[in-house]
Amino acid sequence: MQPRKLQGKKNVKNSSSVNYDTIIIGSGVGGLSSAICLAREGQKVLVLEQHDVPGGWCHSFYLNGHRFTPGVHYIGLLEKGQSTNELYTGLGIANDVSFYKMNTKAFEHCWIGDERFDYPSNYDDFINALVKRFPEEEKNIRAYLKIVKNVGDQLKLIPKVRGFWQQITIPFRTKHMGKYAPFTLKRVMNWYIKNPLLKRFLGIQFGDHGLPPSKASFIMHAAIMDHYSSGGFYPMGGGGALVKAMTNKIKAFEGEIKTSTTVKRILLDHSKKKKKAIGVELASGEQLFANRIISNADPGITYLNLVGKENISNKLHKRLKNTAYSCTSIMLFLTVDMDVKAAGLDSGNIWYMQNKDLDDVYADMQKKDILSGDEFSGLFISCTTLKDPIGFDGKHHTLEVITFINYDAFSDFENEDKERSSAYLAFKEQLTEKFLNSLEKVIPGVRANIVHKNLGTPITNEYYINSTKGNVYGTEKSLRYIGPFAYKSKSEIENLYLCGASIVSHGVAGAGYSGVQTAASILGCRQDDLIKPDDTQHIKIYDAEDSTGYPDWMLKKIAVKKMRQEQKEKSTLQ
C-alpha cells in the first residue's frame, strides 16, 4: 500500500536534535495501531516498550514450553464487514492473522450456582434460547435485547459520520443511545426484566468491563454484548500472533520497536507559554527527540509519572486525583495432564459465579481480605488449547482462570521488587489453593493433574504492564469515564497524545481503534481514512470445534506437535 498524502506527514524540523517524527511509549495494541498508521504515511516512528516483548496485555509468554496470553481471551465482530475485521483489514494485517471461532452453540457458558445457560453465537438463537428458558419473560426479553442491539448499531455509526447533513441528523439516528446513556445497566435492566436469574444471565458479561450492574454504564454493557453478538474468536497462536503481525507491519514501513527500554520521563519545552513535548528520557539517561509523543500508558502513568504534576494544569491535576481506575485481577495459569474435554470443557468460556445478585458477587470480589472463605465468588475460566487447537500437543492443556479483586488486598506488597519476598510467595500459594477449590467444582480432579501452575497478581500487572494499581481496563468504565467524558487523545500539552484503553474503549478491538483515532488526530484526517477497505486482505477463520475444514498444513502442524510430545514421553521412559 502506498503512503497517502495527509496532514502531518514529515513535518520534521531540519535539526540534528530531532530523531523521529513520533515516539510511542508502550507497545499495547493501541500504540501499535498508531505506529502502523503513522509509519505507513511516511513518518519515522519509534515504539518503546519496557518489557522484553512487545504487546502489553496482548503479549504471549511461555511457562515450561506452554503458551499463555494474559489479556486476550476472545475477540468479537471478526466476520467480513464487521468492525474488528475492518480494523485488521484496514491496518493491512488481515492476511497475517488467523482465528478460531469458539463453540458456536456456547461461546459463553454461564454457571450461576447450579443454574446453567449457554450463549450461542447467533443473536437470534440467543434470544430464542432465553425465551425458551424464561417463556413468561418473552416480551421483556425481546424488548430489552432490541434496545441492546440498537445501541450497539448506533455506536458504530458515530465514527462514520461525514458532512454537515449527517452531523445534524446523528441525534435522530442514535436516539436509543442518547436516551439510555445516562443510566446504569441495573436501572435499564430493571425496567424490562423481572426474573432475578434472567438478570444474572444477561449481566454475566460484566467481567468484560469490570463493573457491577449498579455502577456499569448501560451503554458500555450494550456495546460489549453487541461486540460478541456474532460469537467469540481466538487468535491462532494466542495474542502474541496478533502482536507479531502488527510489529512486522510497522517494520515493513521502516518503523522501529525497542523492547527492554523504559521511559523515565517525557521531555518538555518550557520556552513558550504552552508547554510542548519534544522527546523522552530513558531510564539509561539517554534522550531521544521527536516532533510528537504518544503515550499508550494510562492517564495516571502518563501525566503524573512521565510528565510530572508540576507540568500540568490544576484542572487536569484535580481530575487525575479524582479518577477511578478499573479493578485489578489475579490470574491462575495452569498446565494440566488430563482430558479436559471428557471433564466437560470445550472452546467456550465459563463464567462461574454464585447464584446471587451480581452486585453482591462483585462486592465479595472487592473485599480486602481475599483469603476469607474457601472459594472465590466469581471466576472466568478459559481453556486456551481448546480455543487454539494448533497449540495442543495431544497431552497437556493450558487453562487461564481469573477473578477480579481489590488492589488494597495486595497493599502489603506494593514495594515488592523483582526478587519477591517469602511472605508474598506464601500469599500467592494460599490464593492458588483457593482458586483450585473453585476450579475443582468445574473440572473434577484437576488438582491431581497439574503439571505446572503460576499466579499473576496486581504486582505482576504493575511490573510488566505498568498500569495504575494493576488495573486491567484503564479508567473505570462507568459513565464518568466513557464517550464524551473519557480522556482525550490530544492532551493539554502541545504535541503530546494518548491512546489505549482509557481513551476510546478497552479490550483488544477498542484499544486498537483508539490507536487509529489518535493517528488520525495527528494526521488531520478521519479514522476511516486510515482503515479503508482492501479486497486483497482476508482474515482466515476456522472452527475450533470441528477440524474437518482445516487445511492440510494445519493438520500436519497439529500432527507434528503431537508426535513430538509422544517422542518426548518415550525418551523420558527409556
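Please refer to the structure higher up on the page.
All values reported here derive from a predicted model rather than from experimental measurement. (Residues numbered from 1 in each chain as written. Predicted model: local features only at pLDDT ≥ 70, side-chain atom pairs only at ≥ 80, totals over all residues. Heavy atoms only, no water.)

Caption draft 1: Summary view of the overall build of the protein. Within the protein, the secondary structure is distributed over 19 helices and 19 strands. Whereas a compact globule of 574 residues would reach a radius of gyration of roughly 25 Å, the protein reaches 24 Å, a difference of no more than 12%. Overall size of the protein, expressed as C-alpha extent along the three principal axes, is 65 × 65 × 50 Å. Looking at the 574 residues of the protein, the share that counts as buried comes to 56%. Expressed as a percentage of contacts within the protein between residues at least 6 apart in sequence, the contacts between residues at least 24 apart total 74%. Treating the 75 positive side-chain charges of the protein as one cloud and the 62 negative ones as another, the clouds have centres 7 Å apart. (Helix = DSSP H or I, 4+ residues; strand = E, 2+ residues; numbered from the N terminus. Rg over C-alpha atoms; globule rule 2.2 N^0.38 Å. Buried < 20%, exposed > 50% of the residue type's maximum accessible area, 1.4 Å probe, protein only. Contact = heavy atoms within 4.5 Å. Lys, Arg positive; Asp, Glu negative; His and termini not counted. Charge placed at Lys NZ, Arg CZ, Asp CG, Glu CD.)

Caption draft 2: Fine view of the pairing of strand β1 (residues 20–25). The element β1 is largely enclosed, with a buried count of six among its six residues. Pairing analysis gives five bridges linking β1 to strand β12 (residues 287–295), with the strands arranged parallel. Following the sheet pairing, Tyr20 is matched in β12 by Ala290. In the sheet, β1 pairs with strand β2 (residues 45–48) via four bridges, with the strands oriented parallel. Counterpart to Thr22 in the pairing with β2 is Val45. (Pairing = 2+ DSSP bridges.)

Caption draft 3: Quick look at the packing of helix α1 (residues 29–40) against helix α17 (residues 507–523). Put simply, α1 and α17 touch, their axes get as near as 7 Å, and they point 40° apart. Comparing their axes, α17 and α1 come out oblique. Relative to α17, the crossing made by α1 is right-handed. Across the interface between the two elements, Val29, Gly30, Ser33, Ser34, Cys37 and Leu38 from α1 touch Val508, Ala511, Gly512, Ser514, Gly515, Val516, Thr518, Ala519, Ile522 and Leu523 from α17. Here the residues of the contact of α1 with α17 are counted per class, giving nine nonpolar, seven polar and no charged. (Axes fitted to C-alpha atoms, helices over the stretch in contact; angles between N-to-C directions. Parallel < 35°, antiparallel > 145°, perpendicular 65-115°, else oblique. Left-handed = near helix turned anticlockwise from the far one by under 90°. Nonpolar A, V, L, I, M, F, W, Y, C, P; charged D, E, K, R; others polar.)

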